[in-house]
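Reading the structure
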Amino acid sequence: MFCFSLLESSCFLGMSTSTSSLKGSTDIPVDEDVKSSSPSKPMVRSRVWNMVSPEKLLYKQPSVLVGRTDVVTVTPWLASIIWEGTFDPVLVDNIYKPMNLTIATTVFAVGKYVSFLRDFLETAEMHFMVGFNVRYYVFTDRPQDVPSVNLTQGRHLSVIQVPGSNRWQEISARRMEIIQTTIESQIRREADYIFCLDVDSKFHARWGAESLGRLVAVIHPGYYDQTRANFPYERRPASMAYIPMDEGDYYYGGAMIGGFVEDVYTLTTVCRNRFAVDAGNSIEAAWQEESHLNRYLLYNKPSKVLSPEYLWQDFKAKTKEVKVIRFSGVIKNYAEVRPNV
Ligand code: UD2
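Now for a look at the structure at hand. (Residues numbered from 1 in each chain as written. Predicted model: local features only at pLDDT ≥ 70, side-chain atom pairs only at ≥ 80, totals over all residues. Heavy atoms only, no water.)

Our next topic: the packing of helix α4 (residues 168-190) against helix α5 (residues 261-280). Where α4 contacts α5, the axes come no closer than 8 Å and their chain directions differ by 140°. One element, α4, and the other, α5, form an angle in the oblique class. Handedness of the crossing formed by α4 with α5: left-handed. Contacts from Ala173, Met176, Glu177, Ile179, Gln180, Thr181, Ile183, Glu184, Ile187 and Arg188 of α4 reach α5 at Val261, Glu262, Val264, Tyr265, Leu267, Thr268, Thr269, Cys271, Arg272 and Phe275. Among the residues making up the contact of α4 with α5, the classes are represented as eleven nonpolar, four polar and five charged. (Axes fitted to C-alpha atoms, helices over the stretch in contact; angles between N-to-C directions. Helix = DSSP H or I, 4+ residues; strand = E, 2+ residues; numbered from the N terminus. Parallel < 35°, antiparallel > 145°, perpendicular 65-115°, else oblique. Left-handed = near helix turned anticlockwise from the far one by under 90°. Contact = heavy atoms within 4.5 Å. Nonpolar A, V, L, I, M, F, W, Y, C, P; charged D, E, K, R; others polar.)

Below, the structure written as structure tokens:
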């Protein structure tokens with residue numbers, strides 16, 4: 001593993017930070033594969049915080065009668081779906097900022113995708129978890145091409161060298177394994193929450209603490225108005241990512257996985273293992289790790305769901321229910337940037 005420090009950045013491989021046991025955590029029912037993947041005694045940072053609001057903080061009175069009515073803001077298992085107008089950014093920031101959280105952010109820039117890094121990082125500095133400690137982990141096979149970006153105080157960047165590949169499917173899917181092993185080797189000691197994001201994207205507006213939760217997923221912008229029969233889930237029963245036609249909640253985008261570091265660790269471990277079982281049976285799920293992610297989240301429900309405001313696509317016209325586009329995938333020439341078609 002290679003570590004490369006940049007201007008205004010710090011490389012912290014091997015740096016020791018304080019750790020604590022799973023104080024206050026409870027046993028949460030999980031499906032069988034998840035149970036067998038969970039480490040018995042993980043060394044993790046404390047993750048139990050009270051929602052303390054400062055006294056005398058002035059903010060708009062919340063209402064139980066008036067609010068968004070054009071979109072659904074809660075799942076059937078009572079997780080919030082985060083849309084503009086469902087949270088007060090001032091209140092949320094005042095609750096979360098005193099917790100002094102560190103947010104790990106992984107991004108893969110393998111092969112020509114390194115060219116997306118500058119815009120990703122520069123726009124993240126403007127809009128992503130502003131005022132929080134953020135540790136970017138950039139995975140690339142081209143460390144020399146990682147741009148030097150000015151990071152604001154409390155934000156750090158590490159470059160970790162990973163192998164290239166001549167198949168984009170492999171690069172995308174292998175992220176699960178690399179995130180899992182990097183959580184094991186360093187992230188679980190260095191961060192409280194983690195977001196794993198696609199690099200061919202830009203931030204356009206606030207993405208803040210309203211997005212924090214135990215296990216966080218984003219609704220894919222291409223399918224939020226579709227019925228489950230039209231979701232591009234893996235439909236072959238032989239695959240470990242299989243979802244039957246009459247099951248499924250939402251279609252989640254692979255461009256964002258988030259939550260407590262340990263919850264994302266379990267998710268990546270399970271998805272990586274299921275991907276390997278499929279590979280052993282000569283099966284690659286329809287949308288690689290995104291298919292395994294969708295299967296995982298069907299049976300391990302996210303505790304918070306981000307609306308498509310948090311994952312849009314630049315080629316798609318804004319729709320009336322999306323009041324703010326916070327993060328979106330840029331238009332790219334697939335033949336130009338991918339190693340294969
Ligand atoms: C979708 C998903 C993506 C992933 C993929 C399935 C969205 C918006 N995107 O995007 O997350 O689930 O389907 O495989 O939900 N990468 C490289 N170098 C490469 C190819 C990929 O670094 O040569 C990395 C990079 O971080 C990129 C990510 O893998 O952002 C996903 O690849 P993609 O953006 O080409 O996949 P795409 O657009 O099909």
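The next subject is unusual backbone geometry. Phi is positive for lysine 56, close to 65°, though the residue is something other than glycine. Along the chain, lysine 56 falls in the loop between α1 (32-37) and β2 (80-82). You can call lysine 56 exposed: its relative accessible area is 77%. The backbone of glutamine 288 sits at a positive phi, close to 40°, despite the residue not being glycine. You can see glutamine 288 is positioned in helix α6 (residues 288-299). (Buried < 20%, exposed > 50% of the residue type's maximum accessible area, 1.4 Å probe, protein only.)

With that settled, the discussion passes to the site of the ligand. What surrounds the ligand is a group of 24 residues, the closest being Phe108, Tyr113, Asp200, Glu289 and Lys332. Between the ligand and tyrosine 113 there is a distance of 2.5 Å, counted from an oxygen atom to a side-chain nitrogen or oxygen. If the ligand stood free it would expose 720 Å²; the protein chains cover 95% of that surface. Of all the secondary-structure elements, those providing two or more residues to the shell around the ligand are α4, β9 (252-260) and α6. Of the residues forming the shell around the ligand, the biggest block, four residues, is contributed by α4. (Near = heavy atom within 4 Å. Polar contact = N/O pair within 3.5 Å; in protein donor to acceptor, adjacent residues only side chain to side chain. Areas by Shrake-Rupley, 256 points an atom, 1.4 Å probe, with all protein chains shown as cover.)

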